[in-house]
Amino acid sequence: MAGKRNRVVVAVISGMTDTQAANLTREIMKAKQKNVPDARGRINYHSSHERFS
């Protein structure tokens, strides 16, 4: 592919259960692997009260 590869996607989604967060994480990882398999990626998820305390 030609061109620079300097794009980033960041999403913050709140109000999910642990199961919903795990399912969404799994689907994002699958989509990343399918669309941009050579790109680096990282996903973190945690409780909002852990993040801001």
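Heads up: the structure comes first, above all this text.
Residues numbered from 1 in each chain as written. Predicted model: local features only at pLDDT ≥ 70, side-chain atom pairs only at ≥ 80, totals over all residues. Heavy atoms only, no water.

Asks: Teacher, can you tell me more about the overall build of the protein here?
Replies: Scanning the protein for helices and strands turns up two helices and zero strands. Looking at the protein as a whole, 4% of its 53 residues are labelled buried. Total accessible area on the protein stands at roughly 5,500 Å², and carbon and sulfur atoms take up 53% of it. (Helix = DSSP H or I, 4+ residues; strand = E, 2+ residues; numbered from the N terminus. Buried < 20%, exposed > 50% of the residue type's maximum accessible area, 1.4 Å probe, protein only. Areas by Shrake-Rupley, 256 points an atom, 1.4 Å probe, with all protein chains shown as cover.)

Asks: Please explain the environment of alanine 21 as it appears in this structure.
Replies: Examined against the element boundaries, alanine 21 turns out to sit in helix H1 (residues 18-35). What makes alanine 21 buried here is its relative accessible area of 10%. Measuring from C-alpha to C-alpha, the distance between alanine 21 and tyrosine 45 comes to 7.2 Å, with 24 residues separating the pair along the chain. With residues up to four places along the chain from it excluded, the contact list for alanine 21 reads Met16 and Tyr45. (Contact = heavy atoms within 4.5 Å.)

Asks: Teacher, can you tell me more about the pattern of salt bridges here?
Replies: A side chain with one charge can pair with a side chain of the opposite charge if their charged atoms come near. The final tally for this structure, using the stated rule, is one salt bridge. Between lysine 30 and glutamate 27 there is a salt bridge, with its nearest N and O atoms 3.4 Å apart. Here glutamate 27 and lysine 30 lie together in helix H1, a separation of three residues that amounts to about one turn. (Salt bridge = Lys/Arg side-chain N within 4 Å of Asp/Glu carboxyl O.)

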